[in-house]
Amino acid sequence: MHQSTLAQLSAALESKQISSEELTRLYLDRCKKFNESLNCFITINEDEALEKAKQADKQRAENKHTSLTGIPVAQKDIFCTNGIKTSCGSKMLDNFIAPYDATVIEKMNAAGFVTLGKTNMDEFAMGSTNETSFYGPVKNPWDSERVPGGSSGGSASAVAARLSPVATGTDTGGSIRQPASLCGITGLKPTYGRVSRYGMIAFASSLDQGGPMTQTAEDAALMMNVIAGFDERDSTSAEQPIDDYTEKLNDSIEGLKIGLPKEYFSEGLDSNIAKIIEDGIKELEKLGATCKEIELPNTELSIPAYYVVAPAECSSNLSRFDGVRFGYRCDEPKDLSDLYTRSRGEGFGKEVKRRIMIGAYVLSAGYYDAYYLQAQKIRRLIRDDFQNSFKDVDVIAGPTATGTAFKLNEMMDDPVSMYLSDIYTVSVNLAGLPALSMPAGFVNKLPVGMQLIGNYFEESKLLNIAHQFQQATDHHQQIPEGFE
Amino acid sequence: MSLDKSEVEKIAWLARLAIDEQDIPDYSDELSNILELVERMNSVNTDGISPIAHPLELSARLRTDEVTETNQRDHFQKDAPLIDEGCYLVPKVIE
Amino acid sequence: MEWETVIGLEIHAQLATKSKIFSGASTTYGSEPNTQACAVDLGLPGVLPVINKEVVSMAVKFGVAIGAIIPERSVFARKNYFYPDLPKGYQISQFEHPIVSRGNIEIELEDGTTKTVGVTRAHLEEDAGKSMHDGFGDNTGIDLNRAGTPLLEIVSEPDMRNAKEAVAYMKKIHSIVRYLEICDGNMQEGSFRCDANVSVRPKGQKEYGTRAELKNINSFRFVETAINIEVERQIDLIEEGGSVLQETRLYDANKNETRSMRSKEEANDYRYFPDPDLLPIDIEASFIEQIKSELPELPDAKKQRFINDFNLSEYDSGVLTAQKEMADYFETCVKAANGESKLSSNWITGELAASLNKANKDINDSPVSAEMLGGMVKRIKDDTISGKIAKQVFEAMWNAEGDADAIIESKGLKQVTDTGAIEKLVEDVIANSPDQVAQYQAAPEEKQGKLIGYFVGQIMKQSQGKANPKQVNELLKVKLKS
């Protein structure tokens, strides 16, 4: 049963093959059993989950349910969950019991999802390896010596190991797609503004976007149907009506025009990965798509621009963590400055402090124009590159990550190398586009993801292509050894 | 751009972060490396290009002036480290 | 050396909305600490701001009222600094793109001339909470009820040259925001407050001197004294060979001095950048037109109209129109007094103003309504009562004894205008005063005017002041001749 997709579980519950309580117990048992080794959960909500599952069964008995009522889910610990610890992977929020639900959580609760627990993540979503978490690194179920990627590494690992059928993630510079790639699952970063950011602890407000992390594109579509949509509490959310994301899943992709950015296949890419991606593209061509090379000339600039915009916004967003109203407070502060500097100095980890300092620096007097303003101008160039490409092609395809999962500690003391590994993902956030990573094969038994980038609000098209690809391939059905 | 000790200290204070004296050289190196990376973007001329405000370039939607929130002080203050008579406490501030 | 003072004001007007600028929490003043601070006001992790439409309308209203430029696009920015009453570690404000750009204010100077003071800009921002330093032992208590209350910060050019001009400017802005009903103007509650940038320079010098910023001055009187004290301090300092520091200073009304604030703080680096949680506000021309068409009559226009339509002096009109409620009171009063404007004006600026002042009451809380006062003025005008009797009537109205007519009736204060009754009084007094009659009749005509006073006095005494003095005089003259 734990190998089932969301769609299959929905059918099993509907046909009373299993109850939500049984299903929830099954997943909770797996979570408890494997969390010791994988460390993908910060909190497992056994009692609340079982309570919710019983409620779900009652709702099903009374015919007051949705098709997803009673299905377990793992929530990234960046989403505020009322009454449940919401740590954001940080010592700063180790004692924080969120007093309200994020919009995404509210919507999933309303749809009847059962929250198994809160997943581990890089501290405040800052990291690409999950090693910056206060709660220790998450392990990749494909190789326990390796990281799952980040920042949504706990969610990716949990879904890959089938500790939860689906999970939520957030993506600021690749934090859904890169761990999805490294763990062999499907992850969708929606268009900026498509999924509400309310209650999602902000890292970089103009880049952050929540989305589904699932086994299949179909499951991602089912989840998008629940979480997407306008939210009046988020000023940056888009008022545009939402699709039924499952509607176009089965459309043919005959005649689809795919752009292959030459910058995404250059010397930085591992040749084994390149081979997998090329094979994947051939598969899409077999399904009727045509490919052409395109140029995204400002790709090189995306990393520098990203590492100005994201730290600048984070330095300001994280100022609210001051030890006064919530979160970590240092012992016996001798005065106000001591309260601030020690609470923050002791509560934040090193990578977070680095980014806060970079952010404070690039915004400080005399540097704003050279850094922040320049970066926001480069965002426009990057956005324009994509818009020009979408005049010729329907979607853009390429690798999600430059390689397979890193070894633990490989990147820890080299932030710049870690940053550079985000080269294929950050442009999408700077431009606000939707993009998806789907399993495309394996290199040395480690999963490799292929990325599809769409134009604004074309999540349905991405899900359609991925679904068609998954109908023709079985990469997404592979389960790591020991977790079958 | 490389950042020396005093600049690291200045930024840490601006961001209200206590950092250990012994960590300053590391911060100095790492932050300098990051800035070096970031400065690659100066290679492009952006004269006449307007900065992006929102990826979709939308403008603000305004909220009706209505009171929609109720008093949840006790609920919110469960997360507070130190409170008295409904107030959050900080070490005495001298103005 | 002769010195010139240069003053610029930053006025913070709390906008009179029901809910806060970025949240749906109430803005009511004086509630229990932190009971009106919602998740957004507290800056809880994950919360987001949403702009209140009314705040934008009110700011545009102000801009239109002072003939300012309203840019098509305005942007919220974050002003980053750490302070306990600032929950997010940044204040959402406006920096490069304020909602209101350059405008002008006319002020009247003491010599009767007018002067134009430039308004550099007016921008929207959220108010901070309050720090309470007493009653928490070694701690400071933080109440965030005020956090997120909408503020319009109105920044003037350094156009004022003495404290009196600064007060006139501040009063004018106060009057405008109250006319527009965008701010209650309550200075005790901090709804309307002001920071003053003050510097001095040798007369004739072009460059400005170094300025000090005087913080949070909460009355018109304090603005004047605080500026004067600061100017004196700066001149003394320079003349003793020192120099003025650019710093923030606090005015202490009790000690009557200004002193340096937060002196330990390094120069602030606010790291402004556009708030990524909020989108730019686009203001369409049609919206500005609509606001323009709905704009109420403003103090300057009203003052001119009162001069023209009611024949008032410049001074009286200025007094009556400074406060909208006062002007409304006047107009209602005139209407009730069948159009008698001069007497109405005299009574409002005289007896009524004095009584209100004495009772420490506002015109809105006047026990004598405009209708009541108008009703009384009407009775003076139609000779039902004399001006002297009217004072009694006013006092009775003030003490809630009814309206003028009822009081006149119940106290029998109506003037006696019945010729027969007056004739009887006159005849009685003449009959009882043979000596005085003889004296009057013997006197030359030019002295008779004075002597007749005796008879008038007697008659008024007999009639308890109610006999119509004009009739009495006329009759006396006739009767005493024969």
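Residues numbered from 1 in each chain as written. Chains lettered and ligands numbered in written order. Predicted model: local features only at pLDDT ≥ 70, side-chain atom pairs only at ≥ 80, totals over all residues. Heavy atoms only, no water.

## Some remarks on the overall build of chain A
Along chain A, the regular secondary structure elements total 15 helices and eleven strands. Compactness check: chain A gives a C-alpha radius of gyration of 21 Å against a globular reference of 23 Å for 484 residues, within 12% of the reference. Each of the three principal axes of chain A carries a C-alpha extent, and together these read 65 × 55 × 45 Å. Expressed as a percentage of the 484 residues in chain A, the buried residues total 71%. Here the contacts in chain A between residues at least 6 apart in sequence split such that 76% fall between residues at least 24 apart. Counting every atom, chain A has about 14400 Å² of accessible surface; 44% of that belongs to carbon and sulfur. Taking the average place of the 48 positive charges on the side chains of chain A and the average place of its 65 negative ones, the gap between the two points comes to 2 Å. (Helix = DSSP H or I, 4+ residues; strand = E, 2+ residues; numbered from the N terminus. Rg over C-alpha atoms; globule rule 2.2 N^0.38 Å. Buried < 20%, exposed > 50% of the residue type's maximum accessible area, 1.4 Å probe, protein only. Contact = heavy atoms within 4.5 Å. Areas by Shrake-Rupley, 256 points an atom, 1.4 Å probe, with all protein chains shown as cover. Lys, Arg positive; Asp, Glu negative; His and termini not counted. Charge placed at Lys NZ, Arg CZ, Asp CG, Glu CD.)

## Here we look at the overall build of chain C
A count of helical and extended segments in chain C gives 16 helices and 15 strands. Here the C-alpha radius of gyration of chain C, 30 Å, is well above what a compact globule of 482 residues would show, namely 23 Å. The principal-axis extent of the C-alpha atoms belonging to chain C is close to 100 × 55 × 55 Å. For chain C, with 482 residues in total, the buried portion stands at 54%. Relative to all contacts within chain C whose residues are 6 or more apart in sequence, the contacts with residues 24 or more apart total 68%. Carbon and sulfur atoms make up 47% of the accessible area of chain C, which amounts to about 21900 Å² in all.

## Here's the deal with the pattern of salt bridges
Counting across every chain of the model gives 69 salt bridges over all chains. Among the salt bridges present, the one from aspartate 143 of chain A reaches arginine 146 of chain A, with a minimum N-O distance of 2.9 Å. Lysine 324 of chain C serves as the salt-bridge partner of aspartate 328 of chain C, at 3.2 Å between the closest nitrogen and oxygen. Here aspartate 328 of chain C and its partner lysine 324 of chain C are both found in helix α8 (residues 324-336), four residues apart, which amounts to about one turn of the helix. Beyond isolated ion pairs, a larger network of salt bridges with shared partners links Lys350, Glu351, Arg354 and Arg355 of chain A together with Asp26 and Glu30 of chain B. (Salt bridge = Lys/Arg side-chain N within 4 Å of Asp/Glu carboxyl O.)

## A short note on the interface of chain C and chain B
Contacts between the two partners involve 50 residues from chain C and, on the opposite side, 34 residues from chain B. A buried area of about 3600 Å², summed over both sides, lies between chain C and chain B, and 59% of it is on carbon and sulfur atoms. There are 25 residue pairs in polar contact (both at pLDDT 80 or more) connecting chain C and chain B. Among the secondary structure elements, those contributing two or more residues to the side of chain C that touches chain B are α1 (39-42), α2 (53-65), β8 (139-143) and β15 (281-282) of chain C. In terms of residue count, β8 of chain C provides more of the side of chain C that touches chain B than any other element does, five residues in total. Its residues assigned to classes, the side of chain C that touches chain B comprises 23 nonpolar, 13 polar and 14 charged. Note that strand β2 (residues 87-91) of chain B and β8 of chain C share four bridges and pair antiparallel. Its bridge partner being in β8 of chain C, tyrosine 88 of chain B is matched across the sheet by isoleucine 142 of chain C. (Buried area = accessible area lost by both parts, 1.4 Å probe. Polar contact = N/O pair within 3.5 Å; in protein donor to acceptor, adjacent residues only side chain to side chain. Nonpolar A, V, L, I, M, F, W, Y, C, P; charged D, E, K, R; others polar. Pairing = 2+ DSSP bridges.)

## Things to note about the pairing of β8 of chain C
Looking down a regular strand, the side chains alternate between one sheet face and the other. All names here are of chain C. Of all five residues that make up β8, five are buried, and the element is covered over most of its length. On β8, burial covers both faces: Asn139, Gly141 and Asp143 on one face and Thr140 and Ile142 on the other are all buried. Two elements, strand β7 (residues 130-132) and β8, share three bridges in a ladder whose sense is antiparallel. Within β8, the residue paired with serine 131 across the bridge is isoleucine 142.

## Describing the packing of helix α6 (residues 299-310) of chain C against α8 of chain C
Residues and elements named next belong to chain C. Here α6 crosses α8 at 20°, and the two axes come no closer than 12 Å. In terms of their interaxial angle, α6 and α8 are classed as roughly parallel. Crossing handedness for the pair α6 and α8: left-handed. Facing α6, whose interface residues are Lys302, Arg305, Phe306 and Phe310, α8 presents Ala327, Asp328, Phe330, Glu331 and Val334. (Axes fitted to C-alpha atoms, helices over the stretch in contact; angles between N-to-C directions. Parallel < 35°, antiparallel > 145°, perpendicular 65-115°, else oblique. Left-handed = near helix turned anticlockwise from the far one by under 90°.)

## Comments concerning the packing of aromatic side chains
Applying the stated criterion to the full structure yields 30 aromatic pairs over all chains. Centre to centre, the rings of tyrosine 81 of chain C and tyrosine 270 of chain C are 5.6 Å apart; their planes meet at 65°, and the pair counts as edge-to-face. You can see tyrosine 81 of chain C sitting in the loop between β3 (76-80) and β4 (90-94) and its partner tyrosine 270 of chain C sitting in the loop between β13 (257-260) and β14 (273-274), a full 189 residues away along the chain. By relative accessible area, tyrosine 270 of chain C is classed as partly exposed at 26%. Seen from their ring centres, phenylalanine 394 of chain C and tryptophan 398 of chain C are 6.1 Å apart, and the 35° between their planes marks the pair as tilted. One end of the pair, phenylalanine 394 of chain C, and the other, tryptophan 398 of chain C, are both in helix α11 (residues 387-398), four residues apart, so they sit about a helical turn from each other. The two residues phenylalanine 394 of chain C and tryptophan 398 of chain C agree in class, both being buried. A cation over a ring is seen here: lysine 350 of chain A above tyrosine 27 of chain B, with NZ or CZ 5.4 Å from the ring centre. If you follow lysine 79 of chain C out to its NZ or CZ, it ends over the ring of tyrosine 270 of chain C, 4.4 Å from the centre. (Phe/Tyr/Trp six-rings, centres within 6.5 Å; stacked < 30°, edge-to-face > 60°. Lys NZ or Arg CZ within 6 Å of the ring centre and 35° of its normal.)

## Topic: the pairing of β4 of chain C
Residues and elements named next belong to chain C. Taking burial as the measure, the five residues of β4 include five buried ones, the bulk of the element. Every second residue of β4 is oriented toward a common face, with Tyr90, Ile92 and Gln94 on one face and Gln91 and Ser93 on the other, all of them buried. The pairing of β3 with β4 spans five bridges and is antiparallel. By the bridge assignment, lysine 79 is partnered in β4 with glutamine 91.

## Let's talk about the interface of chain B and chain A
Contacts between chain B and chain A engage 48 residues on the former and 70 residues on the latter. Carbon and sulfur atoms supply 69% of the area buried between chain B and chain A, which totals about 5200 Å² over both sides. The largest share of the area that chain B buries against chain A comes from Met41, Arg61 and Asp79 of chain B, three residues that together contribute 14% of it. The partner of glutamate 57 of chain B in a salt bridge is arginine 380 of chain A, and the shortest N-O contact between them spans 2.8 Å. Elements that contribute at least two residues to the side of chain B that touches chain A include exactly α1 (5-14), α2 (24-38), α3 (73-77) and β2 of chain B. The element that contributes the greatest number of residues to the side of chain B that touches chain A is α2 of chain B, accounting for nine residues. The residue makeup of the side of chain B that touches chain A, split by class, is 33 nonpolar, seven polar and eight charged.

## Brief notes about the side chain of glutamate 165 of chain C
In this fold, glutamate 165 of chain C is placed in helix α3 (residues 163-179). Discounting residues that sit within four places of it in the chain, glutamate 165 of chain C has contacts with Ile107, Leu109, Lys115, Asp159 and Met160 of chain C.

## Details of helix α8 (residues 271-286) of chain A
Residue and element names in this part refer to chain A. Compared with an ideal rise of 1.5 Å per residue, which puts 16 residues at 22 Å, α8 spans 23 Å between its outermost C-alpha atoms and is within 8% of the ideal. Taken as a whole, α8 has its buried residues at Ile273, Ala274, Ile276, Ile277, Gly280, Ile281, Glu283 and Leu284. Buried residues belonging to α8 abut β7 (257-261), β8 (290-294), β9 (395-399), β10 (435-443), β11 (446-453) and α15 (459-472). Measuring from the side-chain oxygen of the N-cap residue of α8 to the backbone nitrogen of asparagine 272 gives 2.7 Å; that N-cap residue is aspartate 270. Taken from the residues just after α8, glycine 288 is the one with a positive phi, measuring 110°. (Expected span 1.5 Å × (residues − 1).)

## Overview of the sheet that holds β4 of chain C
Taken together, three strands build an open sheet; the order of strands is β4-β3-β14 (chain C) and the sheet is antiparallel. Each edge of the open sheet carries a strand with a single partner, namely β4 and β14 of chain C.

## Re unusual backbone geometry
Residue and element names in this part refer to chain A. That bond from glycine 150 to serine 151 is cis: its omega, 10°, falls within 30 degrees of zero. Structurally, serine 151 is set in the loop between β3 (114-119) and α5 (153-160). Residues other than glycine seldom take positive phi values, yet asparagine 444 does so here, at roughly 50°. Among the secondary structure elements, asparagine 444 is positioned in the loop between β10 and β11.

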